[in-house]
Amino acid sequence: MNYLDYVQMTTGQRIAYRIKSFFTGIPGALAKLVKIIANFFVSVFGTIGRGFKNYGQRFVNGDAGTKLSYIIMGAGNLLHKQIGKGILFLASEVAYIFFMFGFGVRYISEIFCNGVVVDGVVVNGVIGNESPIYETDPLGLGKKMINRDTVDDSNQILLFFVLTVLVTIAFIAIYVTNTKSAYAVQQVAQSGKAPMGTIQELKMFLDERFHVTLMAIPVILLLIFTVLPIIFTIFVAFTNYDKNHQPPGNLYWWVGFSNFADVFYTNKMKSETFGKILLWTIIWAFFATFTNYILGIVLALMINKKGIKFKAFWRTMFVITAAVPQFVTLLVMRILLDDKGAINNMLGTNIPFLTDMSGVWPKITVILVNMWVGIPYTMLISSGLLMNIPEDLYESARIDGANAFQQFTKITFPYIFFVTTPYLITSFVGNINNFNVIYFLTAGGPNSDSYYQAGQTDLLVTWLYKLTVNSSDFNLAAVIGLLVFVICAAGSLITFNMSKASKNEEEFS
Amino acid sequence: MTNTQNAAMKSGYAAKRKAANIVIYVILSVMVVIWLFPIVWLVMRSFSGDNMIAPKGFFPTEWTFDNYINLFAEWDADANAWVTPDVFPYGKWLLNTFIVAVCSAVISTLIILMISYAFSRLRFKTRKTFLNLGLILGMFPGFMSMAATYNIMEIFGLKQSLVGLVIVYSAGAGLGYQVSKGFFDTIPRSLDEAAKIDGATRNQIFWIIILPLSKPIIVYTALTTFLSPWADYIFVSYFMKDNVDNYTVAVGLYNMLEPNYIANYFTRFCAGAVLIAVPITILFVIMQRFYVAGVTGGAVKG
């Protein structure tokens, strides 16, 4: 389809086309995601390969000091009288050696320990060690452990293993920098200039290397408190860290892809729960996004219509509802909509807004309440956009005899739709992750026996939360988290491709 | 067309438009009533002396200010004195949230400004890699790794502590650079270049040229990072577990609605909710234009 075909379509067809192209875009986006990940790895390996080549070349061309610093870090710098830098490199090497022998080696060695006996069978790939004494159960149902004193904490081992790996990667980076630095100072010396002093070198961190100064602390914080937990959680998806294997006291071990298999087909209960929740998540995200979007724009149009007075008053009234913290308004809604709550009481009815066992009323209620929460936001955002539509468009339309309705369908709506498409998709992804509305209103309920640790209105993310907090099925929670990540990444990629902003990123630089 | 016909047509249009406007006024009024109903109802309940959860009427049968007072102090008849409430120490939570919000706002704002300046104005080899990694990290559901974060905090001896909370909020701020990066992108680079020619280092450019031009974005970043701990329930509830003294307002208020407490504490919950909602609402109403700019991806111009 080319641009001319698109322009000739009616608004309805355009929307249908956009929706269709959104959904038909999903496989493409997934393929693109795989391609991006593949490209990422290719470029990583390319960089590593080039790194090794340069690494070797530097060694071949290096003088004694450079060669020495391949073993004793900082030697090259020290020999060329860059004392401060040399000492830092040397210190980091010593620190790393102490770190590994005092700490790291243990966790690397225990990450694939063998030998927990479960019902008489030795299980491999256990994280941690234990030396329990077993006694045979009189009923013949396997063995029973009688001492728990010497059990490792699998959690701690996995966490410190990830930490050790991160530290090692950081050390390798410092090590490579060290060889580069040694070679650089050697070249400077060979050209007859004096090597840079420590003070001069430090000054570079305020100018040429200012980005290092700016980003060091934030990146370290992110590594420890965001990256480390995420990598840990990804590893957990491949273990049996669930409510029956809780450290300390119990070990857990690697189980390969069986958690993923559980969620997709092998475990009937879990896979059915996953299927139902995924379906509801998509239905929810669709309705939550489009009801808010369309009605929000309609509201903005009404407020901004010519001849409507007190525009600021109307807008502020709605903005106030958007400004009150969501957990407050949603909890109030929960109380109001209770079976015996104020709404039922005032109307004299008995509607099971949030507790209907069939799940129909709760599902409608959460979508309606979500409209209450979301419409003011859309109104706020599209109000600004409405004012940006060039007035002469309307003027010429009026001269051509277009009425108000035609002006809306031919000018206003296409304009807003075009400008807000990226926002629309971001909010679709945001609604897949919309924890607050569901959790505070129904807490996922009403609960049903046919769901594993979930209820009729649970989304993937609220299920994830419940699995973590209520039932401690951390492995299943990690699997769900990864799947949500894949869904969101695919969705964001579509957005990213559609939005022009990403292409213009370099425009200002 | 004669003048009278023209006038008649004009007045016909005017009448039509008037009718349309009246319909819109009616719709808007109905909507405002629906939208404000829960909020005004909450305020009414907070002033109510009857402690009813589902009253038949809208207005309280008996007006009182006690719910607000009881948040901070209860009258102990035995001791004949005011005591701080022990089950739900709202004053303590308020203070906790305030401390956490101020600390994390200061640290987060610094971190966000540093990161976004580096990404926007400086060009270095690993820039694209970091931008992509930031994008990828941002797509993981926020609380997926909650349990692991708790374990890490346990190792540092910071579990269930306010310091831990500040660290987690501030550390995560490194990923929230988009809006301020967008802002920095709009400051003309010729300013940097002119300063560079005059011999300024990049450090000096950051402090002397860019920051003074960035007041609106600094205010916006500080306010959003200040406001987020007030509304965060998910992480705090998991992180603090049963350590009631270190709760923030959101978790504390949520717990007031537990089945055991709701009958006695409902109106007090309303008072507590109103108390934090008022300043947040005012701040948000003032800051709305920044919010819009942040969401639509346009740069904030100040």
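What counts and what doesn't
Residues numbered from 1 in each chain as written. Chains lettered and ligands numbered in written order. Predicted model: local features only at pLDDT ≥ 70, side-chain atom pairs only at ≥ 80, totals over all residues. Helix = DSSP H or I, 4+ residues; strand = E, 2+ residues; numbered from the N terminus. Buried ≥ 20, exposed ≤ 12 C-beta atoms within 10 Å, placed from the backbone. Core = buried A, V, L, I, M, F, W, Y, C linked by C-beta atoms within 7 Å. Contact = placed C-beta atoms within 7 Å. Domains from an automatic or database assignment. Nonpolar A, V, L, I, M, F, W, Y, C, P; charged D, E, K, R; others polar. Axes fitted to C-alpha atoms, helices over the stretch in contact; angles between N-to-C directions. Parallel < 35°, antiparallel > 145°, perpendicular 65-115°, else oblique. Left-handed = near helix turned anticlockwise from the far one by under 90°.

1. A closer look at the overall build of chain A
Helices and strands together make up the secondary structure of chain A, namely 19 helices and 4 strands. Of all 509 residues assigned to chain A, the portion counted as buried reaches 34%.

2. Thoughts on the nonpolar core
The biggest cluster of nonpolar side chains holds 164 residues, and the ones touching the most others in it are Val162(A), Phe232(A), Leu441(A), Leu464(A), Ile480(A) and Ala273(B). Per-element accounting of this core gives the leading share, 14 residues, to helix 3 (residues 90–121) of chain B. The contacts of Leu464(A), once residues within four sequence positions are left out, are Ala477(A), Ile480(A), Gly481(A), Val484(A), Pro141(B) and Met144(B).

3. Describing the domain arrangement of chain B
All names here are of chain B. The domain boundaries assigned to chain B delineate domain 1 (3–75) and domain 2 (90–296). Contact with domain 1, which involves 12 residues of that partner, is made by 12 residues of domain 2. For the side of domain 1 that touches domain 2, the secondary structure elements donating two or more residues are helix 1 (3–46) and helix 2 (66–72). The element best represented in the side of domain 1 that touches domain 2 is helix 2, accounting for 5 residues. Looking at side-chain class alone, the side of domain 1 that touches domain 2 contains 6 nonpolar, 5 polar and 1 charged residues.

4. Quick word on the packing of helix 8 (residues 210–236) of chain A against helix 3 of chain B
Running from N to C, helix 8 of chain A and helix 3 of chain B point in directions that differ by 135°, and their axes come no closer than 9 Å. As far as their axial angle goes, helix 3 of chain B and helix 8 of chain A are oblique. The interaxial crossing formed by helix 8 of chain A with helix 3 of chain B has left-handed handedness. Between helix 8 of chain A, through His211(A), Leu214(A), Met215(A) and Pro218(A), and helix 3 of chain B, the contact on the second element is made entirely by Ile111(B), Met114(B), Ile115(B), Tyr117(B) and Ala118(B).

5. Digging into the interface of chain B and chain A
In this assembly, 68 residues from chain B lie in contact with 71 residues from chain A. Each residue belonging to the side of chain B that touches chain A can be placed in one class, and the counts come to 49 nonpolar, 14 polar and 5 charged.

6. Describing the environment of Val469(A)
Topologically, Val469(A) is positioned in helix 18 (residues 460–469). Each C-alpha atom, one on Val469(A) and one on Val479(A), is 15 Å from the other, the two residues being 10 residues apart in sequence.

7. Remarks on helix 18 of chain A
Because an α-helix packs 3.6 residues into every turn, residues spaced three or four apart end up facing the same way. Buried residues dominate helix 18 of chain A, accounting for 9 of its 10 residues. Here helix 18 of chain A has its buried residues at Leu460(A), Val461(A), Thr462(A), Trp463(A), Leu464(A), Tyr465(A), Lys466(A), Leu467(A) and Thr468(A).

8. Side note on the domain arrangement of chain A
Residues and elements named next belong to chain A. Examined at the domain level, chain A breaks down into domain 1 (12–61), domain 2 (62–256) and domain 3 (266–500). Each of domain 1 and domain 3 was reduced to a C-alpha centroid, and the two centroids are 31 Å apart. On the domain 3 side, the residues contacting the 7 residues of domain 1 number 4 residues. Partitioned by chemical class, the residues of the side of domain 1 that touches domain 3 number 5 nonpolar, 1 polar and 1 charged.

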